[in-house]
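Results of the structural survey
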Amino acid sequence: DAGVTQSPTHLIKTRGQQVTLRCSPKSGHDTVSWYQQALGQGPQFIFQYYEEEERQRGNFPDRFSGHQFPNYSSELNVNALLLGDSALYLCASSFRGSRGQTDTQYFGPGTRLTVL
Amino acid sequence: GQQLNQSPQSMFIQEGEDVSMNCTSSSIFNTWLWYKQDPGEGPVLLIALYKAGELTSNGRLTAQFGITRKDSFLNISASIPSDVGIYFCAGRTTHNSSGSARQLTFGSGTQLTVLP
């Protein structure tokens, strides 16, 4: 049973560029959440996707956008990259189902983004 | 917004010693979670707590959900070298009756070093 997978593992971009990160949830999970983890800090919630819609959003600008596909996988897009966007980007998946109760979140290994 | 204060920030202990760390919040949480993160990896769930006053164990790990729902602690007994890593607490709230808001708020982490 594959856990949460993310790609790529590492990425280097320059200021102003755009980046797309990808996540495949754990088998049986239908909800994907994205987090940003700066060095030495805990993860910060970016947004959550369920049924291909953004359901909740943290305190992040519109430069951060996402998408969820019918197979529950997800992408995180960041436009106009800033130096401060350098971080580990974590994807977490969980099961929500029709009852609306979300199961515990399981994290992927993350994508390390460096903005130069 | 919600904030979690996690302490201590770092700990150096001898192998075999017991460890205790805690989290406090200015807000009430419905769920408390404890994660461990190794370098280059995503957080791995250790223990989940769902009821105020709940005490749950997972091997040498024991965690409690505070009665006020604003705090939680994690104990590790008889520490071993593989306990080294960063431990994060995380709280989760339910914003409405359908439980649709399930973002996690993380503490800043406790870096644990186990000396031989």
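So, here's what we can say about the structure. None of these values were measured; they are calculated from a predicted model. (Residues numbered from 1 in each chain as written. Chains lettered and ligands numbered in written order. Predicted model: local features only at pLDDT ≥ 70, side-chain atom pairs only at ≥ 80, totals over all residues. Heavy atoms only, no water.)

1. A word on the overall build of chain B
Here is the rule: Only DSSP runs of H or I covering at least 4 residues are called helices, and only runs of E covering at least 2 are called strands; the numbering of each starts at the N terminus. Atoms counted for the radius of gyration: C-alpha only. Globule rule: 2.2 Å times the number of residues to the power 0.38. For every accessible area listed, the method is Shrake-Rupley and the probe measures 1.4 Å; residues are considered covered only by the protein chains on display.
Regarding its fold elements, chain B presents zero helices and 11 strands. Its helices and strands in sequence order give chain B the pattern β-β-β-β-β-β-β-β-β-β-β, from N to C terminus. Taking 13 Å as the expected radius of gyration for a compact globule of 116 residues, we find that chain B reaches 14 Å, a close match to that expectation. Seen through its C-alpha atoms, chain B measures out along the principal axes to roughly 50 × 30 × 20 Å. Accessible area of chain B: about 5300 Å², with a carbon and sulfur share of 51%.

2. With respect to the pairing of strand S7 (residues 61-65) of chain B
Residues and elements named next belong to chain B. Selection rule: Partly exposed residues are those whose accessible area sits between 20% and 50% of the maximum for their type, while under 20% is buried and over 50% is exposed, using a 1.4 Å probe and protein chains only. When DSSP finds two or more bridges between two strands, those strands count as paired.
Of the two faces of S7, the one lined by Leu61, Ala63 and Phe65 is fully buried and the one lined by Thr62 and Gln64 carries no buried residue. Bridge count between strand S6 (residues 55-58) and S7: four bridges; the pairing is antiparallel. Within S7, the position partnered with Leu55 by the bridge is Gln64. Adjacent in sequence and paired antiparallel, S6 and S7 are bridged by two residues, among which Gly59 carries a positive phi angle near 65°. Bridge count for S7 against strand S8 (residues 71-76) is five bridges, and the pairing is antiparallel. In the strand pairing of S8, Thr62 is matched with Asn75. Taking the residues between adjacent antiparallel strands as the criterion, S7 and S8 are bridged by five residues, where Arg69 takes a positive phi near 65°.

3. Details of the layout of surface pockets
Under the convention used in this document: Residues are called lining when one of their atoms sits within 4 Å of a cavity or pocket point, these points coming from a 1 Å grid over the protein atoms alone, where a cavity is a set in which a 1.4 Å probe fits but cannot get out and a pocket is an open set with protein on both sides within 12 Å along at least five of seven lines. Grid points are joined across faces, edges and corners, and a volume is the space filled by probe spheres set on the points. Lys, Arg, Asp and Glu make up the charged group, whereas Ala, Val, Leu, Ile, Met, Phe, Trp, Tyr, Cys and Pro make up the nonpolar group; the residues left over, Gly among them, are polar.
Estimated volume of the second largest pocket: approximately 330 Å³. Lining the second largest pocket are 22 residues; nearest its centre among them are A:Leu88, A:Arg112, B:Gln37, B:Pro39 and B:Gly40. Looking at the lining of the second largest pocket, the elements with two or more residues in it are strand S11 (111-115) of chain A together with strand S9 (85-92) of chain B. In terms of residue count, S9(B) provides more of the lining of the second largest pocket than any other element does, three residues in total. The residue makeup of the lining of the second largest pocket, split by class, is eight nonpolar, 11 polar and three charged.

4. Some thoughts on the state of the cysteines
Rules: Note on terminology: pairs of cysteine sulfur atoms within 2.5 Å are recorded as disulfides.
One pass over the structure, following the stated rule, counts two disulfides over all chains. Paired by a disulfide, A:Cys23 and A:Cys91 hold their sulfur atoms 1.8 Å apart. Residues A:Cys23 and A:Cys91 share a disulfide whose torsion about the S-S bond is about -55°; that sign makes it left-handed. Residue A:Cys23 is found in strand S3 (residues 19-24), and its partner A:Cys91 is found in strand S9 (residues 87-94); the two are separated by 68 residues along the sequence. The class of A:Cys23 is buried, set by a relative accessible area of 2%. The exposure class assigned to A:Cys91 is buried, which follows from its relative accessible area of 0%. Across a sulfur-sulfur distance of 1.6 Å, B:Cys23 and B:Cys89 are joined as a disulfide pair. Here the disulfide of B:Cys23 and B:Cys89 is left-handed, its torsion about the S-S bond being about -75°. A residue pair is termed long-range when its members are at least 10 positions apart, and B:Cys23 in strand S3 (residues 19-25) and B:Cys89 in strand S9 qualify at 66 residues.

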